[in-house]
Structures are given as C-alpha cells and as structure tokens.
There are 2 protein chains.
Amino acid sequence: MGGEKGLLIVNTGNGKGKTTASLGMALRAWGQGMKVLVIQFIKGAGRDYGEQKAAKKLGPGLTICPAGRGFIREAGETYLDQHRRAALEALDLAGMEIPTRKYNLVVLDEILYAIHYKLVSLGDVMDLVNQKPEHLHLVLTGRYAPPEIIERADLVTEMKEIKHPFSRGIKAQKGIEF
Amino acid sequence: MGGEKGLLIVNTGNGKGKTTASLGMALRAWGQGMKVLVIQFIKGAGRDYGEQKAAKKLGPGLTICPAGRGFIREAGETYLDQHRRAALEALDLAGMEIPTRKYNLVVLDEILYAIHYKLVSLGDVMDLVNQKPEHLHLVLTGRYAPPEIIERADLVTEMKEIKHPFSRGIKAQKGIEF
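Enquirer: Explanation requested: the overall build of chain A in the structure shown.
Expert: Of the regular secondary structure elements, chain A holds six helices and six strands. Along chain A, helices (α) and strands (β) appear in the sequence β-α-β-α-β-α-β-α-α-β-α-β when read from the amino end. Computed over C-alpha atoms, the radius of gyration of chain A comes to 16 Å, within 12% of the 16 Å expected from 2.2 N^0.38 for 178 residues, which places it in the range of a compact globule. Among the 178 residues that make up chain A, the fraction classed as buried is 59%. Within chain A, counting contacts between residues at least 6 apart in sequence, those at least 24 apart form 78% of the total.

Shown next, in the form of structure tokens:
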C-alpha cells in the first residue's frame, strides 16, 4: 500500500449511488486490509441504517461516524443552526483524523450537500483537502459539487437519475435505501 | 423483510460506481441481516480483488461468485468463445439461484456488458428477470443497458464519467479500483 498516490474522489449528481459507491469502496478497501473511516455529514445515528450495523459487525478496520442531523427539510434559523453545529462537529472530526495518517481511505459523506446548504464553507473543506496525506484516498460525496472541488479532484463521477421508484409510489426499501 | 416489494435496479453508464454501488448495497443489506449473492459475469477469481477478500471475511451472508474471464480486449472467435462459455455458466448459476428464494439481494455484475458483447442474449436475461421472486431485489450492472431493461426496471442510475485519473497517467489503485 505504501508509495501509491492517494486520490481525491468525488461522487456527485442527483441520482442514487453516491453514498452507496463510497460504501462499496469502503468494503473493497477493508477487504484489502486497509483502514477506512466514513464520516457522515447528514446522516445521524439511531435510525436503522444497514451500513452502520455492518460497520459494527466488521470490527475496527471500518469505522462509520454518523455525525449529521438528517437532510434539510425546512428553513428557519434555529433548525439550520442545529444542522450547522452537527456539520461543524463532523468537520472538526475530519480535521483531527485526516492528518493522523491512520487511514488509507476516508469518506466524507454528503459533505458537498453540506457546502450547498452553507452548513460548512467551501474554504474549510478546501483546507481539509489540503491536509490530505499523500497516500490517503479521500472521497467526497453529495449533490452540487462546486467547480473548485471538481477542478481539484482526480476522479469525478456524476450519478444521474434515469428512473426512480419513488415516482412510481414505491417506498424506501430496507437494505437498499438504508 | 417479508411483504416488501423487491426492486429491479440498473446501474449503467460509462463512469465508475456501477459495481461499487452494488457492493455498497450488498454491504448495507448484509448489515441488515439479509442474504446477498453477487455473480460477476466478467471478473474472474484469482486476481487480488478487495470485494472477493471481503466476502470471504464476512462469512455466509454475502457470497461473491466470480464467474467471468475478464473484460473483452481482443476479437477472434476462440477468444470470444471462452468468454461466452464463462458468461453462460454465470447465467446458469443465476438461473438456479434466483428462484430458490434463498436471497434478499442478488447482483448480476456486468451482465449488461455481457449482453452488449453478445456473450449472453437479451432474451435469456429477460427470462431471468421474469423468474425474480416478488421479494427479491435484483441489481443488473454494466455499460450499454438495453432499452427493454430500462423500461422494465424500477430504479435506473447512469454513472457518468466527468474526470478520470487514468487520463492523467495515474494507475489503478488497490482498494479503489479492485
């Protein structure tokens, strides 16, 4: 694993698979014996999330920190303040863990969504990217990737929704959506 | 888990994340205590694949069968015949396992690529889809999804390449690409 260049990877777009693909990378890297950290900027703990249960079963090689307060569903400053505090805590955690060189892969899940809703600033996220150790693969996910981040990234994929079952009245499915 | 409608899910497009997102779904479903089978139509065993190592470590809840012979790199009938035989074995395996109702999630990885290269026929794959038990989530991945399959699917995502490191001279990375 030594000597390889870590990539800055962006999964963006309005479709499914941004988080799921980063979980797949986490599984693959864990299978290779690498150390993986996933910090979730929007998802919180407590709901019945498959990936959080899986991480507990997998043991110390894969850590998932659900630091968020859910997707933004209403406006209002008090409400947004709670989200902002949660996202800033997630950012602080990332700022502490990324430079430690403990990990081979770090996923900052929905951090781009958090930038879009001004829960965190683009400047703070760029500072974090600048602290990335050479060997570390860093994955940023979420809708609305800013051009500055796309410019900086090595690998950018847009997940585009072609067809979605919610529009056909089918509910979120356990094991698929969560 | 009983009583839910299983979805037909398609991950297609020229970008990364088609297989990786299905592995993420596999991890999530495994975390929910579901039974997962992944049949790889193109990837073979023997190379150093992170997901195959991970599946071995995870135990019986997640099974990955690498039944393929690699991506198509040359023409020639002898060469294509080997691939065709491998893909047909994968198809037979899927045809045996899907109706058993043993699984909650089955991923047929790169089966759409196999249709495109005429390793398997669209008709055979549609027959397989028709055998899907009601509760089963069935995921089909690969470039060049045929319109008949998109029409039939519940959830379709196109993974679109925006920027790829190979074009900048960076090699495939362990834990990320494989």
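Don't stop here, the text continues.
Enquirer: When you look at the interface of chain A and chain B in this model, what are you seeing that I'm missing?
Expert: A common way to state how big an interface is: give the accessible area lost once the parts meet. On the chain B side, the residues contacting the 57 residues of chain A number 58 residues. Both sides together, the interface formed by chain A and chain B hides about 5000 Å², and carbon and sulfur atoms give 60% of it. For the interface between chain A and chain B, the tally reads two salt bridges. Taking the shortest distance from any N to any O, the salt bridge between Arg28 of chain A and Glu51 of chain B comes out at 3.0 Å. If you look at where chain A meets chain B, you find 20 residue pairs in polar contact (both at pLDDT 80 or more). For the side of chain A that touches chain B, the secondary structure elements donating two or more residues are helix H1 (18-31), helix H2 (50-58), helix H6 (147-152) and strand S6 (155-163) of chain A. For the side of chain A that touches chain B, the residue count by class is 24 nonpolar, 14 polar and 19 charged.

Enquirer: Before we go on, may I ask you to explain the relation of the copies chain A and chain B in this structure?
Expert: When chain A is fitted to chain B, the best match, at an RMSD of 0.0 Å, comes from turning it 180° and sliding it 0.0 Å along the axis. The two molecules are tied by a two-fold rotation axis, judged by turn and shift. A high fraction, 100%, of the interface residues of chain A reappear at the interface in chain B, so the copies pair face to face through one surface.

Enquirer: Can you walk me through the side chain of Lys18 of chain A in this structure?
Expert: All names here are of chain A. Examined against the element boundaries, Lys18 turns out to sit in helix H1. Buried charge without a salt bridge: Lys18, with Glu110 as the nearest opposite-charge side chain at an N-O distance of 5.6 Å. Here Gly13 takes part through its backbone oxygen, which lies 3.0 Å from a polar atom of the side chain of Lys18. At 2.8 Å, the side chain of Lys18 and the backbone oxygen of Gly15 are in polar contact. With residues near it in sequence (within four places) discarded, Lys18 still touches Asn11, Thr12, Gly13, Thr141, Gly142, Arg143 and Met159.

Enquirer: Looking at this structure, how should I read the side chain of Ser22 of chain B?
Expert: Residues and elements named next belong to chain B. Tracing the sequence through the fold places Ser22 in helix H1 (residues 18-31). For Ser22, a relative accessible area of 2% puts it in the buried group. When sequence neighbours within four positions are dropped, the list of residues in contact with Ser22 reads Asn11, Val107, Asp109, Val139 and Thr141.

Enquirer: Looking at this structure, how should I read the packing of H2 of chain A against H1 of chain B?
Expert: Angle between the axes and distance between the axes are the two parameters that describe a pair of packed helices. Two elements in contact, H2 of chain A and H1 of chain B, have axes separated by 7 Å at closest approach and are oriented at 75°. The angle between H2 of chain A and H1 of chain B falls in the class roughly perpendicular. Of H1 of chain B, the residues touching H2 of chain A (which contributes Gly50, Glu51, Lys53, Ala54, Lys57 and Leu58 of chain A) are Leu27, Arg28, Trp30 and Gly31 of chain B. Classifying every residue of the contact of H2 of chain A with H1 of chain B gives four nonpolar, two polar and four charged.

Enquirer: Would you take a moment to explain H2 of chain A for this structure?
Expert: For an α-helix, the turn length of 3.6 residues means that residues three or four places apart are oriented alike. Looking at H2 of chain A, one finds that the buried residues are Gly50, Glu51, Gln52, Ala54, Ala55 and Leu58 of chain A. For H2 of chain A, the elements touching its buried residues are H1, strand S2 (36-40) and strand S3 (62-66) of chain A together with H1 and helix H2 (50-58) of chain B. After H2 of chain A finishes, the residue Gly59 of chain A shows a positive phi value of roughly 85°.

Enquirer: Sorry if this is basic, but what is going on with the packing of aromatic side chains here?
Expert: What characterises a pair of aromatic rings is the spacing of the ring centres plus the angle enclosed by the ring planes. Per the counting criterion, the structure on display carries four aromatic pairs over all chains. Aromatic ring contacts, followed pair by pair, group Phe71, Tyr113 and Tyr117 of chain A into a single cluster. Sitting over the face of the ring of Trp30 of chain B, Lys57 of chain A holds its NZ or CZ atom 4.2 Å from the ring centroid.

The rules behind each value
- Residues numbered from 1 in each chain as written.
- Chains lettered and ligands numbered in written order.
- Predicted model: local features only at pLDDT ≥ 70, side-chain atom pairs only at ≥ 80, totals over all residues.
- Heavy atoms only, no water.
- Helix = DSSP H or I, 4+ residues; strand = E, 2+ residues; numbered from the N terminus.
- Rg over C-alpha atoms; globule rule 2.2 N^0.38 Å.
- Buried < 20%, exposed > 50% of the residue type's maximum accessible area, 1.4 Å probe, protein only.
- Contact = heavy atoms within 4.5 Å.
- Buried area = accessible area lost by both parts, 1.4 Å probe.
- Salt bridge = Lys/Arg side-chain N within 4 Å of Asp/Glu carboxyl O.
- Polar contact = N/O pair within 3.5 Å; in protein donor to acceptor, adjacent residues only side chain to side chain.
- Nonpolar A, V, L, I, M, F, W, Y, C, P; charged D, E, K, R; others polar.
- Least-squares fit on C-alpha atoms with pLDDT ≥ 70 in both.
- Lys, Arg positive; Asp, Glu negative; His and termini not counted.
- Axes fitted to C-alpha atoms, helices over the stretch in contact; angles between N-to-C directions.
- Parallel < 35°, antiparallel > 145°, perpendicular 65-115°, else oblique.
- Phe/Tyr/Trp six-rings, centres within 6.5 Å; stacked < 30°, edge-to-face > 60°.
- Lys NZ or Arg CZ within 6 Å of the ring centre and 35° of its normal.

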